[in-house]
Amino acid sequence: MWYFVAPQVVFGEDALSHLAQLNGQSAFIVTDKNIVRLGLVDKVKEQLAQAGITTAGVFDEVEPDPSLHTVEKGVAVMNRYGPDLVVAVGGGSVMDAAKAMRVQYERPDMKPEEINPFVSGLGLGARCKLVCVATTSGTGAEATFAIVLTDAREQRKLSLINREIVPDIAIVDPELARGMPPGMTADTGMDALTHAIEGYTCDWKNDFSDGLCIKAIQLVFQYLPRAVRDGDDREAREKMHNAACMAGIGFINSLTAMAHAAGHSLGALFHVPHGRAVGLLLPYTIEFIGELREELWAEIAYAIKLEVPKGKTAAATLAQAIRDLSRSISQPLSIKETGIPLDSFNKAMGKLIDNLMADGSLIVSARIPSVAETERFFGYTYEGKSIDF
Ligand SMILES: [Fe+2]
């Protein structure tokens, strides 16, 4: 028995105006300062006002890689207003923080770090509903039931998963993604691609997630370079916004795997943007898993019209295609290219290995590395050497 869980998804042009049809009295907006500056919070407020919903408060202090501390701070403000609607407006960090705040607001007896797949009957929705308005095309957080928070004290990332924390509504309006600069478009787009490929190939893949993941892979290969090149390319923006949400629903109902385990580890120690980290690591994990998933790499290659040359594996061909895509949108291909100095990288090796081995995403990887293999893996990915072991 398996479950497929997704929020109600409102997508396409003017999807934001769905807010004007909501029921509620008082909304609490969770966002960051940049989104406020772009005027997107005002747009959200306007739509809510049309529904007769007043915006009681705005918490704009969510930082990239939000911490447990930020969540606690947000909940304290939320409690003062007592909203019946929480609206997250932002990228993955904002939406993840909002999901965690919502849980704590409705279940003050529970700490965010207690959220795991095995607790049930959370009873969410009684006190408030959660609407996620995505302003980036990558994390798919508007549609997932995962939260990534940073435990600053422990220098590690917490991945919290539970089906019941899924947002009630995801708003996927491409207009809101148009403000993204090219670098962020590239970073977040590579995150979406990594979700889709890992969701399609990890141990928990299933028929329902496969359909969403394979379509998302096609969309990213076709439209990401266009969206990076010209942010005003409406078609590319719309397709990437849809792809990210589809990949989100796809991977969360399957799971992400080793590129995410390694990316979380790297991100927690060196603050490489999440999408950039997992995107650069993805081809190496494909090479590492190699023949164990050869049939699936071939299916993906076929879906994106890649010819697998005689004598070459689909794994190697796909890994190369991902590196070509990355290069075409000015993404780094190795950890060295992210600007991390070798000595600090080597100094962090023990922690990098520990974090990767402890990451929940690793459980479903088709191949689990040993400690020695993990060290070698990080050495190769730093230098930009294809995995050959
Ligand atoms: Fe991700």
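Peer 1: What is the right way to read the domain arrangement of the protein chain from this model?
Peer 2: As far as domains go, the protein chain holds domain 1 (8–177) and domain 2 (189–383). Inter-centroid distance (C-alpha atoms) of domain 1 to domain 2 is 26 Å. The interface is formed by 28 residues belonging to domain 1 together with 26 residues belonging to domain 2. Counting the surface lost from both domain 1 and domain 2, the interface buries some 2000 Å², and carbon and sulfur atoms represent 61% of this. Looking at the side of domain 1 facing domain 2, the largest losses of area belong to Ser 137, Gln 155 and Lys 157, adding up to 24% of the total buried there.

Peer 1: Hey, could you run me through the side chain of His 260 in this one?
Peer 2: The topology assignment puts His 260 in helix 8 (residues 258–270). For His 260, a relative accessible area of 3% translates into the label buried. Within the local environment of His 260, its side chain forms a polar contact with the side chain of Asp 191, the two groups lying 3.5 Å apart.

Peer 1: I keep staring at the coordination of the iron ion and nothing clicks. Help me out?
Peer 2: Note on metal geometry: ideal angles are 109.5 degrees for four donors arranged tetrahedrally and 90 or 180 degrees for six donors arranged octahedrally. Donor atoms from the polypeptide that bind the iron ion are Asp 191 (OD), His 195 (NE2), His 260 (NE2) and His 274 (NE2), placed at 2.1 to 2.2 Å. For the iron ion, the four donor atoms in the first shell make angles of 87 to 168° at the metal, a pattern classed as irregular. Counting along the primary sequence, the residues that act as donors to the iron ion give the motif D-x3-H-x64-H-x13-H. Here the residue Asp 191 and the residue His 195 both occupy positions in helix 5 (residues 182–201), the gap between them amounting to four residues, near one helical turn. Assessed through its relative accessible area of 3%, His 195 is described here as buried.

Peer 1: Could you clarify how one ought to interpret the side chain of Glu 198 in this entry?
Peer 2: Structurally, the position occupied by Glu 198 is in helix 5. An unpaired buried charge is present at Glu 198: no salt bridge exists, and Arg 293, the closest side chain of opposite charge, is 10 Å distant. Beyond its immediate sequence surroundings of up to four residues, Glu 198 is in contact with Leu 255, Thr 256, Ala 257, Met 258, Ala 259, His 260 and Leu 282.

Peer 1: Would you mind showing me how to read the pattern of salt bridges here?
Peer 2: Oppositely charged side chains can form a pair if their charged atoms are brought close together. Here the structure, examined in full by the defined rule, presents 18 salt bridges. The salt bridge partner of Lys 33 is Asp 60, with a shortest N-O separation of 3.4 Å. One end of the pair, Lys 33, is in helix 1 (residues 33–37); the other, Asp 60, is in the loop between strand 3 (54–59) and helix 3 (68–81), with 27 residues separating them in the sequence. Residue class for Asp 60 comes out partly exposed when judged on its relative accessible area of 22%. In this structure, the salt-bridge partner of Glu 287 is Arg 323, at a minimum N-O distance of 2.7 Å. Placement of Glu 287 in helix 9 (residues 274–289) and of Arg 323 in helix 11 (residues 314–328) is noted, with a sequence separation of 36 residues between them. Through salt bridges with shared partners, a single ionic network connects Glu 175, Arg 178, Asp 232 and Arg 234.

Peer 1: It is not clear to me how empty space enclosed by the protein should be interpreted in this structure. Could you clarify?
Peer 2: To find leftover empty space, a probe the size of one water molecule is rolled over the atoms. Taken as a whole, this structure holds three cavities of 30 Å³ or more when the rule is applied. The calculated volume of the largest cavity comes to roughly 60 Å³. Counting residues per element, the lining of the largest cavity draws most heavily on helix 9, at four residues. A per-class count over the lining of the largest cavity returns nine nonpolar, three polar and one charged.

Peer 1: Looking at this structure, how should I read unusual backbone geometry?
Peer 2: Peptide bonds are trans in most cases, and residues, glycine excluded, mostly fall at negative phi. For Asp 65, which is not glycine, the phi torsion reads 55° and is therefore positive. Here Asp 65 is to be found in the loop between strand 3 and helix 3. Using a relative accessible area of 23% as the deciding quantity, one classes Asp 65 as partly exposed. Although it is not a glycine, Ser 330 adopts a positive phi angle of roughly 60°. By the secondary structure assignment, Ser 330 is in the loop between helix 11 and helix 12 (342–347). Among the residues examined, Ser 330 registers a relative accessible area of 66% and is labelled exposed.

Peer 1: Looking at this structure, how should I read the layout of surface pockets?
Peer 2: Space inside the second largest pocket adds up to approximately 160 Å³. Lining of the second largest pocket is provided by Ser 67, Leu 68, His 69, Glu 72, Glu 113, Thr 150, Asp 151, Ala 152 and Arg 153. Breaking the lining of the second largest pocket down by element, the ones donating at least two residues are helix 3 and strand 6 (146–151). Counted by class, the lining of the second largest pocket contains two nonpolar, three polar and four charged residues.

What counts and how
- Residues numbered from 1 in each chain as written.
- Predicted model: local features only at pLDDT ≥ 70, side-chain atom pairs only at ≥ 80, totals over all residues.
- Heavy atoms only, no water.
- Domains from an automatic or database assignment.
- Contact = heavy atoms within 4.5 Å.
- Buried area = accessible area lost by both parts, 1.4 Å probe.
- Helix = DSSP H or I, 4+ residues; strand = E, 2+ residues; numbered from the N terminus.
- Buried < 20%, exposed > 50% of the residue type's maximum accessible area, 1.4 Å probe, protein only.
- Polar contact = N/O pair within 3.5 Å; in protein donor to acceptor, adjacent residues only side chain to side chain.
- Donors = N, O, S within 2.8 Å, 3.2 Å for Na, K, Ca; no water.
- Tetrahedral: all angles 85-135°; square planar, octahedral: opposite > 155°, others 65-115°.
- Lys, Arg positive; Asp, Glu negative; His and termini not counted.
- Salt bridge = Lys/Arg side-chain N within 4 Å of Asp/Glu carboxyl O.
- 1 Å grid on protein atoms, 1.4 Å probe; cavity = no way out; pocket = protein on both sides within 12 Å on 5 of 7 lines; lining within 4 Å.
- Points joined across faces, edges and corners; volume = space filled by probe spheres on them.
- Nonpolar A, V, L, I, M, F, W, Y, C, P; charged D, E, K, R; others polar.

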